[in-house]
Amino acid sequence: MTESVLVTNELFEEVLSPLLNRFEVEVFQQDKPMPRELFKQKVEDKTGLIAMAADRVDKEIFDVAKPLRVVSTVSVGVDHIDIKAATERGIMITNTPGVLTETTADLAFALMMTAARRIGEAERYVRAGKWKIPMYRRLLGTDIHGKTLGIIGFGRIGRAVAKRAAGFGMKIVYYDIAGADETVESDLNSRFMLLDELLSTADFVSLHVPLEKSTERLIDRKKLSLMKRSAFLINTSRGRVIDERALIETLKDKRIASAALDVFETEPHLPPELLEMENVVLAPHIGSASHETRKRMAELAVENCTLALEGKKPRYLLNPEVLK
Ligand code: DGY
């Protein structure tokens, strides 16, 4: 059987060449999500699919794509894929962990600094031509050195953020569903805390959990109410980890200092209130968006897909039970 692959984004030409040399490949040559109907039509006869985090890969797709054997997503997050339905049909699901850890941690840290030092507001101020006289007490921010950073989700990315924070002289507390990990506590000078205690202790809270049933709206109205009035919330994980409506009200009422968000509940459609507020920093889901990392993610996705279609075990297979 000839293997055929659908790639739902133009990715990088040089990264795709190993795929083009081996299989029949159809690439959606645009840097935007494939329209749903076209996606369904094009995936129908494919044995491999290289998809993006913005593509919904669900039962509807599996029902039309009968020959499909592997879905290789160019992301670490897999909340856009129905893994259970894929597994029932024997379809392998692969992702790209590891290669985006440091880049995403960089962005989380950059967002934290942007919010703390009001860099977005300051930039808007200058561009609007408002900086006419020297200033002393305007646009004052908050120091991060000496403050406590609370990291929720102490996996690869959470720990990479902790490393950066330690270098900036921050104290680190963390919460993870797996509990305390004493092996890293002394290395990263960090201390485990239960979630509620972390929220009421930290000056900065950064979210690094995957989106799953147990983490959906993990930060709801009640959890937000535990945070200090002077605290900052940073989210580079997934928008649905926060109850966005509750966050908007919390920010409007100035019950926390500020938020810095790279991800949103219904991105790229944002609630208009968020666009109006000064005490929120907004980014368009660019956690892993560096030249180097986006290329490495694409290479890994191509490798995962190639291995699967050649009958070998992909490097990052999330449902190994399909191989049995
Ligand atoms: C990821 O890898 O999950 C990123 O959020 C996708 O851009």
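Residues numbered from 1 in each chain as written. Predicted model: local features only at pLDDT ≥ 70, side-chain atom pairs only at ≥ 80, totals over all residues. Heavy atoms only, no water.

1. Some details on the sheet that holds strand 3 (residues 48-51)
Convention followed: When DSSP finds two or more bridges between a pair of strands, those strands are recorded as paired. Helix and strand assignments follow DSSP, with helices taken as H or I runs no shorter than four residues and strands as E runs no shorter than two, numbered in order from the N terminus. Angles here are taken between N-to-C directions and fall from 0 to 180 degrees, while the axes themselves are lines fitted to C-alpha atoms, restricted in helices to the stretch in contact. Two residues form a contact once any of their heavy atoms are found within 4.5 Å.
Here we have 5 strands laid out as an open sheet, ordered 2-1-3-4-5, and parallel in their pairing. Every other strand in the sheet has two partners, leaving strand 2 (24-27) and strand 5 (92-94) as the edge strands with one partner each. Across the sheet, the mean angle from the axis of one strand to that of its neighbour is 15°, orientation sign disregarded. Judged from the 3 bridges that link them, strand 1 (residues 4-7) and strand 3 form a sheet pairing that is parallel. Bridging across to strand 3, V7 finds its partner in I50. The strands touched by helix 13 (residues 291-309) within the sheet are strand 1, strand 3, strand 4 (70-73) and strand 5, with strand 4 carrying the most contacts at an inclination of about 170°.

2. Regarding the packing of aromatic side chains
Spelled out, the test is: Each pair of aromatic rings taken from Phe, Tyr and Trp, with Trp reduced to its six-membered ring, is defined by centres within 6.5 Å and is described as stacked if the planes are under 30 degrees apart, edge-to-face if over 60, and tilted in the remaining cases. Counting as a charge over the ring demands two things of the Lys NZ or Arg CZ atom: a distance within 6 Å of the ring centre and an angle within 35 degrees of the ring normal.
Applying the stated criterion across every chain yields a total of 5 aromatic pairs. Geometrically, the ring pair formed by F154 and Y174 is stacked, given 4.0 Å between the ring centres and 15° between the ring planes. Within this pair, whereas F154 is found in the loop between strand 6 (148-152) and helix 7 (156-167), its partner Y174 is found in strand 7 (residues 171-175), the two being separated by 20 residues in sequence. Ring geometry for F204 against F232: centres 4.7 Å apart, planes inclined by 20°, an arrangement best described as stacked. You can see F204 sitting in strand 9 (residues 204-207) and its partner F232 sitting in strand 10 (residues 232-235), a full 28 residues away along the chain. Through a chain of ring-to-ring contacts, the aromatic side chains of F154, Y174, Y175 and F192 assemble into a single cluster. A cation over an aromatic ring shows up here: K295 above the ring of F12, its NZ or CZ 6.0 Å from the ring centre.

3. Some words on the domain arrangement of the protein chain
For clarity, the cut-off: Where each domain starts and ends comes from a domain assignment, either automatic or drawn from a database. Once two parts are joined, some of their accessible surface, as seen by a 1.4 Å probe, is lost; buried area is that loss totalled over both. Salt-bridge detection follows one rule: a side-chain nitrogen of Lys or Arg within 4 Å of a carboxyl oxygen of Asp or Glu. Polar contacts, as counted here, are pairs of nitrogen or oxygen atoms within 3.5 Å of one another; within protein the pair requires one atom able to donate a hydrogen and one able to accept it, and residues that are adjacent in sequence qualify only if both atoms are side-chain atoms.
Here the domain parsing of the protein chain yields domain 1 (4-98 + 291-323) and domain 2 (101-282). Spacing between the C-alpha centres of domain 1 and domain 2 amounts to 32 Å. Listed as interface residues are 6 residues of domain 1 and, on the opposing side, 5 residues of domain 2. Regarding the contact of domain 1 and domain 2, the summed buried area is about 510 Å², with carbon and sulfur atoms giving 42% of it. Together, D79, G98 and T293 form the three largest contributors to the area buried by domain 1 at its contact with domain 2, with a combined 73%. Taken together, the connections running from domain 1 to domain 2 amount to 1 salt bridge. Among the salt bridges present, the one from D79 reaches R238, with a minimum N-O distance of 2.9 Å. For the pair domain 1 and domain 2, the interface holds 3 residue pairs in polar contact (both at pLDDT 80 or more).

4. As for the packing of helix 5 (residues 101-116) against helix 7
Cut-off, in case you're wondering: What sets the label is the angle itself: under 35 degrees gives roughly parallel, over 145 gives roughly antiparallel, 65 to 115 gives roughly perpendicular, and the rest give oblique. Put simply, a crossing is left-handed when the front helix is turned counterclockwise from the back one by less than a right angle, and right-handed when it is turned clockwise.
It is at 8 Å that the axes of helix 5 and helix 7 come closest, and there the two elements cross at 55°. By the angle between their axes, helix 5 is oblique relative to helix 7. In the packing of helix 5 onto helix 7, the handedness of the crossing is right-handed. Residue-level contacts link T101, E102, T104, A105, D106, A108 and F109 of helix 5 to R156, I157, A160, V161, K163, R164 and A165 of helix 7.

5. Things to note about the site of the ligand
Here is the rule we go by: Residues are classed as near a molecule or strand on a simple rule: at least one heavy atom within 4 Å of it. For the accessible areas, the method is Shrake-Rupley and the probe is 1.4 Å, while residue cover comes only from the protein chains on display. Each residue gets one of three labels, nonpolar for Ala, Val, Leu, Ile, Met, Phe, Trp, Tyr, Cys and Pro, charged for Asp, Glu, Lys and Arg, and polar for the others, Gly among them.
Every residue near the ligand is listed here: S75, V76, G77, L100, R238, H285, S288, R294 and M297. One of the side-chain nitrogen or oxygen atoms of R238 is found 2.7 Å away from an oxygen atom of the ligand. Against a free-state accessible area of 230 Å², the protein chains account for coverage of 88% of the ligand. Its residues placed into classes, the shell around the ligand shows 3 nonpolar, 4 polar and 2 charged.

6. A few points about the nonpolar core
Going by this rule: Definition of nonpolar core: a set of buried residues of the types Ala, Val, Leu, Ile, Met, Phe, Trp, Tyr and Cys, connected through side-chain atoms within 4.5 Å. Only protein chains enter the accessibility calculation, which uses a 1.4 Å probe. A residue is then buried if its area is under 20% of the maximum for its type, exposed if over 50%, and partly exposed in between.
If you look at the biggest cluster of nonpolar residues, it comprises 51 residues, and the most contacted ones within it are I50 and F204. Of all elements in the fold, only strand 1, helix 1 (13-22), helix 5, strand 6, helix 7, strand 7, strand 10 and helix 13 reach the threshold of two or more residues within this core. Among the elements that line this core, the one with the most residues is helix 5, at 8 residues. For this core, the two domains that each supply at least three residues are domain 1 (4-98 + 291-323) and domain 2 (101-282).

7. Observations concerning the pattern of salt bridges
Considering all chains together, one arrives at 31 salt bridges under this definition. Notably, a salt bridge pairs R36 with D58, separated by 2.8 Å at the nearest N-O pair. Taken together, the residues span a long stretch of sequence, with R36 in helix 2 (residues 36-43) and D58 in the loop between strand 3 and helix 3 (59-64) at a distance of 22 residues. The salt bridge involving K40 is made with E60; its shortest N-O contact spans 2.9 Å.

8. Thoughts on a nonpolar patch on the surface
To keep things clear, this is the line we draw: Excluding any residue in a salt bridge, patches collect residues exceeding 30% relative accessible area, merging like charges within 9 Å and nonpolar Val, Leu, Ile, Met, Phe, Trp and Tyr side chains within 5 Å.
Taken together, the side chains of V126, W131 and M135 make up a nonpolar region of the molecular surface, amounting to roughly 310 Å² of accessible area. Its place among the elements puts W131 in the loop between helix 6 (119-127) and strand 6. Exposure remark for W131: the relative accessible area of 55% places this residue in the exposed category.

9. With respect to the packing of helix 1 against helix 13
In contact at an axis separation of 8 Å, helix 1 and helix 13 are set at 15° when each is read in the N-to-C sense. It follows from the interaxial angle that helix 1 and helix 13 lie roughly parallel. Considering the relative orientation of helix 1 and helix 13, their crossing is left-handed. In this structure, helix 1 uses E14, V15, L16, P18, L19 and R22 to contact helix 13, whose residues at the interface are K295, A298, E299, V302 and T306.

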